[in-house]
Amino acid sequence: MSVTRPFKATDMFRFNHINLDLWTETYGINFYLGYLSRWPDLCSVEESPNGRMMGYILGKAEGQGTEWHGHITALTVAPEYRRLSLARKMIDYLERVSDNNYHGFFVDLYVRCTNTVAIGMYEGLGYSVYRRVREYYGSLGLGRNAKDEEDAFDMRKPLSRDPMRRSVRPNGREISVSAHDVS
């Protein structure tokens, strides 16, 4: 059992156990505060009955015209709370707000191409690969020649404003673009 509540600035003092994960991207304080000030309704936390943070989602609304959409910037669940459908619950909430409040055409997200567990979860929730973004995740200086950039899949799910599903494509895994070509 969990409670969904808005993400608060003070949660940044309480989420280290969630962020200490191989797949979780972490950001500077100003990044989190920017999201909380601009899109507070797209940022939420799952909390246990004893008040411990179980996971969080950060999102935003962006784009123009038919590219207007909700975006999942960060989604993470603490290892001890995984497989409880918390990610599904947070994504459902963000999709609902993106659809009803922002009237987006779709929701998108980026996921490492090697994160097969997350990709499978997203596909199970109705997302599909729109395109592969080469070297989306920057270098940590650990790979050959101090390079270890990693590709991402841009995954999308159409919302009610896109009944013809124009925001998705069936052959997304075959489409590849440079990280410089995406905003």
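Residues numbered from 1 in each chain as written. Predicted model: local features only at pLDDT ≥ 70, side-chain atom pairs only at ≥ 80, totals over all residues. Heavy atoms only, no water.

What to know about the overall build of the chain
Reasoning step 1: Within the chain, the secondary structure is distributed over four helices and eight strands.
Reasoning step 2: Start at the N end of the chain and walk to the C end: the helices and strands fall as β-α-α-β-β-β-α-β-α-β-β-β.
Reasoning step 3: What you see for the chain is a C-alpha radius of gyration of 16 Å, in line with the 16 Å of a compact globule of 183 residues.
Reasoning step 4: If you line up the chain on its principal axes, its C-alpha atoms span 45 × 45 × 30 Å.
Reasoning step 5: Counting only residues that meet the buried cut, the chain has 48% of its 183 residues in that class.
Reasoning step 6: Across the chain, the fraction of contacts at a sequence separation of at least 24, relative to all contacts at a separation of at least 6, is 65%.
Reasoning step 7: Entry remark: accessible area of the chain is about 10,000 Å², with carbon and sulfur atoms responsible for 51%.
Reasoning step 8: Across the chain, the centroid of the 24 positively charged side chains sits 2 Å from that of the 23 negatively charged ones. (Helix = DSSP H or I, 4+ residues; strand = E, 2+ residues; numbered from the N terminus. Rg over C-alpha atoms; globule rule 2.2 N^0.38 Å. Buried < 20%, exposed > 50% of the residue type's maximum accessible area, 1.4 Å probe, protein only. Contact = heavy atoms within 4.5 Å. Areas by Shrake-Rupley, 256 points an atom, 1.4 Å probe, with all protein chains shown as cover. Lys, Arg positive; Asp, Glu negative; His and termini not counted. Charge placed at Lys NZ, Arg CZ, Asp CG, Glu CD.)

A look at the sheet that holds strand 4 (residues 69-77)
Reasoning step 1: Spatial strand order, 1-2-3-4-5-7-6-8: eight strands in an open sheet with mixed pairing. Every interior strand has two partners, whereas the edge strands, strand 1 (3-6) and strand 8 (176-178), have only one. Strand-to-strand, the axes of this sheet are offset by a mean angle of 25 degrees, without reference to chain direction.
Reasoning step 2: In the sheet, strand 1 pairs with strand 2 (residues 43-47) via four bridges, with the strands oriented antiparallel. Counterpart to Pro-6 in the pairing with strand 2 is Ser-44.
Reasoning step 3: Strand contacts of helix 2 (residues 29-38): strand 2, strand 3 (53-62) and strand 4, with the helix running at about 65 degrees to strand 3, the strand carrying the most contacts.
Reasoning step 4: Helix-sheet contacts for helix 3 (residues 86-100) involve strand 1, strand 2, strand 3, strand 4, strand 5 (106-112) and strand 7 (150-158), and the interaxial angle to strand 4 is about 160 degrees. (Pairing = 2+ DSSP bridges. Axes fitted to C-alpha atoms, helices over the stretch in contact; angles between N-to-C directions.)

Looking at the side chain of Arg-112
Reasoning step 1: Here Arg-112 lies in strand 5.
Reasoning step 2: Relative accessible area serves as the criterion here: at 17%, Arg-112 is assigned to the buried category.
Reasoning step 3: Setting aside chain neighbours within four positions, we find Arg-112 in contact with Trp-23, Glu-25, Ile-119, Tyr-137, Glu-150, Asp-151 and Ala-152.

So, the confidence of the model for the chain
Reasoning step 1: Scored by pLDDT, the chain comes out at a mean of 91, with 93% of its residues at no less than 70.
Reasoning step 2: Averaged pLDDT values for the elements of the chain fall to 89 in helix 1 (residues 16-19) and rise to 98 in helix 3. (pLDDT = per-residue confidence, 0-100.)

Quick word on the packing of aromatic side chains
Reasoning step 1: Under the defined criterion, the tally for this structure stands at 13 aromatic pairs.
Reasoning step 2: When the ring of Phe-7 is compared with that of Tyr-56, the centres are 5.4 Å apart and the planes differ by 80 degrees; the resulting orientation is edge-to-face. Separated by 49 residues along the polypeptide, Phe-7 in the loop between strand 1 and helix 1 and Tyr-56 in strand 3 bring together distant segments of the chain.
Reasoning step 3: Every member of this aromatic cluster is reached through a ring pair, and the members are Phe-7, Phe-15, Tyr-27, Phe-31, Tyr-32, Tyr-35, Trp-39 and Tyr-56.
Reasoning step 4: In this structure, Arg-112 is placed above the aromatic ring of Tyr-137, and the distance from its NZ or CZ to the ring centre is 4.0 Å.
Reasoning step 5: Here the basic side chain of Arg-169 rests over the ring of Tyr-130, its NZ or CZ set 3.8 Å away from the ring centre. (Phe/Tyr/Trp six-rings, centres within 6.5 Å; stacked < 30°, edge-to-face > 60°. Lys NZ or Arg CZ within 6 Å of the ring centre and 35° of its normal.)

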